[in-house]
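Reading the structure
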Amino acid sequence: SGGAWTPQLFPDFAASLVTYRQAVLYVAAPAKWAAAWAETPVIVDLGGETGCYVLPPVQGSDMKICAPDHRRRGDPERDAALDPDEDQAIRAYFRYALPDVADYRTLYMKTCFYTIAPDDRFQLQRRERLILFSGCSGHGYKFAALNGEKLAQVVLGEADLEATARLLGGYD
């Protein structure tokens with residue numbers, strides 16, 4: 001998987017993929033919420049229309065908040081710089097679920113790049129001895145274990161590529 005670099009590596013494979021740049025905010029929760037957040041599982045979707053998610057500060061990691069609607073098309077080689085106002089823009093998406101989000105101290109921001117495939121489906125193709133897999137649509141991390149297992153089965157000859165492509169693409 002070439003991720004956001006797939007369009008540059010395999011232009012014909014990636015012709016239907018769109019690469020997006022996502023700003024991600026890392027914060028420290030206010031003291032009154034710190035213990036609760038440390039025991040909270042990953043929140044994949046806070047509800048509402050934006051699909052905001054939170055990765056809590058587990059085992060010393062930093063708390064990550066992200067608003068998928070705060071994204072734009074981008075090239076990972078040119079568009080990694082963050083805008084100064086992105087911190088507040090990301091926070092605006094969370095105000096409905098975290099009314100005191102302004103009290104969360106910013107630690108840092110990062111950019112993340114990913115490809116979106118038509119209908120948000122994974123793409124899988126064989127090119128002679130090479131197997132191409134992409135179009136993770138921002139969901140690659142959630143399905144990494146399944147995708148890795150299924151791709152390994154294809155590589156080892158234990159599974160059919162076309163059947164695996166249908167499965168991972170959500171058609172079966």
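Residues numbered from 1 in each chain as written. Predicted model: local features only at pLDDT ≥ 70, side-chain atom pairs only at ≥ 80, totals over all residues. Heavy atoms only, no water.

1. Overview of the nonpolar core
We apply this condition: The set of buried Ala, Val, Leu, Ile, Met, Phe, Trp, Tyr and Cys residues whose side-chain atoms join them within 4.5 Å is what this entry labels a nonpolar core. Burial classes: relative accessible area under 20% of the type maximum marks a residue as buried, over 50% as exposed, and values in between as partly exposed (1.4 Å probe, protein chains only). A run of H or I in DSSP counts as a helix once it spans at least four residues, and a run of E counts as a strand once it spans at least two, with each numbered from the N terminus.
The biggest cluster of nonpolar side chains holds 15 residues, and the ones touching the most others in it are M63, I65, I90 and F94. Among the elements of the structure, β1 (18-28), β3 (63-66) and α3 (86-94) are those that each provide at least two residues to this core. When residues of this core are assigned to their parent elements, the largest contribution, three residues, is made by β1.

2. Notes on unusual backbone geometry
Although it is not a glycine, Q59 sits at a positive phi angle of roughly 50 degrees. Here Q59 shows up in the loop between β2 (53-55) and β3. Look at Q59 and you get exposed, because its relative accessible area is 81%. Despite not being glycine, E128 has its phi angle at roughly 55 degrees, a positive value. Mapped onto the secondary structure, E128 falls in the loop between β6 (123-127) and β7 (130-134). We classify E128 as exposed; its relative accessible area is 77%.

Keep in mind these numbers describe shape, not what the thing actually does.
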